[in-house]
Amino acid sequence: MARYILNRTIQAVLLLLGVSIISFVIMLLAPGGPTDFLIDSSMLSGEDLAAIRTAYGLDRHEAVQYWKWVSRVVVGDFGTSFHTGRPVLEMIMERLPATLALNLIGMVFIYLIALPTGIISAVKQYSVFDYTVTLITFLGQAMPAFWLALLLLYYVGLKVDLPLSGMATYGVEFKEVAFSVWLLDRVRYMVLPLSVVVLTGLAALTRFMRASMLDVIHQDYIRTARAKGLSELRVITRHALRNALLPIVTLFGLTFSVLLSGSVVIERIFSWPGVGQLAVDSILKRDYQVVMAFNMIGAFMVIAGSFLADMLYVVVDPRIKY
Amino acid sequence: MPDVLIDVRNIRTTFHIKEGVVPAIEGVSLQIGRQETVAIVGESGCGKSVTALTIMRLIQSPPGRIEQGAVIFEGEDLLKASEKRMRQIRGNDIAMIFQEPMTSLNPLLTVGFQIEESLILHQSLSKQEAYHKALGMLKRVDIPAPEQRMHEYPHQLSGGMRQRVMIAMALSCSPKLLIADEPTTALDVTIQAQIMILMNSLREEMGMAIMLITHDLGVVANMADRVIVMYAGQVVEEAPVNDLFAHPQHPYTQGLLLSVPRLDARVSKLNTISGTVPNLLYLPRGCRFNPRCSYAQERCQIESPGLTQVNDAHSVRCWFPLGMMGGKKQ
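Residues numbered from 1 in each chain as written. Chains lettered and ligands numbered in written order. Predicted model: local features only at pLDDT ≥ 70, side-chain atom pairs only at ≥ 80, totals over all residues. Heavy atoms only, no water.

Undergrad: Break down the sheet that holds strand β4 (residues 64-73) of chain B for me, with residues and values.
TA: Taken in spatial order, the four strands make up an open sheet running β2-β1-β4-β5 (chain B), and their pairing is antiparallel. The open sheet has two free edges, formed respectively by β2 (20-33) and β5 (76-77) of chain B, since each of these has just one partner strand. (Pairing = 2+ DSSP bridges. Helix = DSSP H or I, 4+ residues; strand = E, 2+ residues; numbered from the N terminus.)

Undergrad: I'd love a proper account of the interface of chain A and chain B, names of residues and values included.
TA: With 20 residues of chain A in contact, the opposing surface of chain B contributes 27 residues. Here chain A and chain B share an interface that buries about 2200 Å² over both sides, 59% of which is from carbon and sulfur atoms. Taken together, chain A and chain B are joined by two salt bridges. Residue A:Lys228 is joined to B:Glu117 by a salt bridge in which the shortest nitrogen-to-oxygen separation is 2.8 Å. Between chain A and chain B we count eleven residue pairs in polar contact (both at pLDDT 80 or more) in total. Going through the elements one at a time, α8 (220-227) and α9 (232-255) of chain A are the ones with two or more residues in the side of chain A that touches chain B. Class assignment of the residues belonging to the side of chain A that touches chain B gives a composition of six nonpolar, five polar and nine charged. (Contact = heavy atoms within 4.5 Å. Buried area = accessible area lost by both parts, 1.4 Å probe. Salt bridge = Lys/Arg side-chain N within 4 Å of Asp/Glu carboxyl O. Polar contact = N/O pair within 3.5 Å; in protein donor to acceptor, adjacent residues only side chain to side chain. Nonpolar A, V, L, I, M, F, W, Y, C, P; charged D, E, K, R; others polar.)

Undergrad: So, the layout of surface pockets: which residues are in play, and what are the values?
TA: Taken as a whole, the largest pocket spans an internal volume of roughly 1100 Å³. Lining the largest pocket are 34 residues, with A:Arg226, B:Ile59, B:Gln60, B:Ser61 and B:Pro62 positioned closest to its centre. When residues of the lining of the largest pocket are traced back to their parent elements, those giving at least two are α4 (88-123), α8 and α9 of chain A together with α1 (48-55), β4 and α2 (83-89) of chain B. Here the lining of the largest pocket gets four residues from one element, more than from any other, and that element is α8(A). (1 Å grid on protein atoms, 1.4 Å probe; cavity = no way out; pocket = protein on both sides within 12 Å on 5 of 7 lines; lining within 4 Å. Points joined across faces, edges and corners; volume = space filled by probe spheres on them.)

Undergrad: Just give me the short version of the packing of aromatic side chains, but keep the residues and values in it.
TA: Note on aromatic pairs: each is described by the distance of the centres and the angle between the planes. Going through the model one piece at a time under the given rule, you end up with ten aromatic pairs over all chains. Ring geometry for A:Phe82 against A:Tyr288: centres 6.2 Å apart, planes inclined by 75°, an arrangement best described as edge-to-face. With A:Phe82 in the loop between α3 (62-73) and α4 and A:Tyr288 in helix α13 (residues 288-316), this pair connects stretches of sequence that are 206 residues apart. Under the relative-accessibility criterion, A:Phe82 is labelled buried at 7%. Relative to B:Phe289, the ring of B:Tyr252 has its centre 5.2 Å away and its plane inclined at 70°; by these criteria the two rings are edge-to-face. Taken together, the positions of B:Tyr252 in helix α10 (residues 251-258) and B:Phe289 in the loop between α10 and β11 (308-311) put the pair 37 residues apart, joining distant regions of the chain. (Phe/Tyr/Trp six-rings, centres within 6.5 Å; stacked < 30°, edge-to-face > 60°. Buried < 20%, exposed > 50% of the residue type's maximum accessible area, 1.4 Å probe, protein only.)

The structure is reproduced here in structure tokens:
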């Protein structure tokens, strides 16, 4: 076990290194550089621009730039933004709570709804319920998030008088108003973006759960359980469910990274002040330091997620030992 | 038969699939006496397992449907019993073991839990009592280090051990009838013999009847009191085991017996029954075996034969049974 964890850690470091090199190269390949977006660059003379480039080290060889970046990152320094001059990590941390709140709550809802729906749908295969679920999840998967977001804005947001953008009313802060007032304010802002997160995220998981459960209830050991005289409820909850949830563990590991990276489209449409928005802005402005920090956090989360899933397997599946 | 335990009368079970209605078994009747071992033999797809699952009322519905007949178990028609009543019978009065010990045990539950479960359910034992009873069962099926095995998972056991666990599980509530659906097909030959000997000794010890589904005629000869031969969803021959081996009446039974390789007869090629099992959706007219039968006559292609008695204990579904000489006739 300890050996396995050590192996995985070494793999993770190599992977992160690979990801950093690739994303660094891709970023440099994109046309333009940070200086092109500073201010109206036509107002600056060539010498001014060159001076700025030298100041930021952009005139050095790419390999040198990368080396300087890596040597800072290993000690936890992700550098400062070209545009705001602030530490990159601070900028991201400031945006994180908004993204985390939206996606964490969204994920809880998604699992709470999708798992039971998928299970019932499988157990009652070919029933009206099953057909309805299949149809809705099919639509859910086919529907683009931005389109659903726009529909909700127009048909729900405007009619029910919900805030259409942002995540809080100015001045309604946690310590300064009654808790109920604060909570209601946050909930009202969150309803629409959360609906989009949940509705678009539901479909895939429901279908996955249904397929997994269907697979399990046709296994021999389920027939054995029935032949013992167990009630159908016990057959499903005690014998089928745990087996059917095994593949979901993998899926959970994979979706783990979404928690932090957030959905760019949803954050954009609802002006949700999360990390997704910051990422897109930084890419457009070629703010290399911020973009790299994002890539690394994203890569780390994916690796951590799959590691977490593999560890969870040891807990839930007695057949797996490392 | 002196004391009938289960009387299966004229059951018909169909599967409703996209291509049509598949009559998996048609008019199957059979009886099993107390403490009797009855073997059901036939090729894959002849309806052996469906017969067993119909008795247990474990046919998946949809697409399966038990259309007619009665299963009288100790005077009670199981096909008319409520689902709740069936749950009391399953695992308690009638238990079942399956072909694949590899996949028939739940991979995520310990061996102990899976045996204890039916004891707690049917005999209302406490967790403690169930544990001791389950442990006792593991000892009875000759599992080494039973205390340790109780806490292990199926993947930690060999195939033979798993089948022993299945047997321990099935017999834990002392059923009156054990349905064994090809219990040794997936095992090595040496293990097969051990399992068969074990089942036989437990049968005598516990006084239960066994319905043994198999296509291994060697097993049949050693274990069974009576044999029922099935073909394409029907019973085609039924006889005491010695009678059947000595004087098969149905050409199909004869074919089955001839296709068993023998050590004392050096032959270059095994005998086979020509042709294949008919698709149940497109059954031949007349006798279901007629396209493969070397004795088929015109009548066989037009009229389907009923079961007729050859003697008290021997019946056959054939217009031209082979006769007591077992030889060819015109």
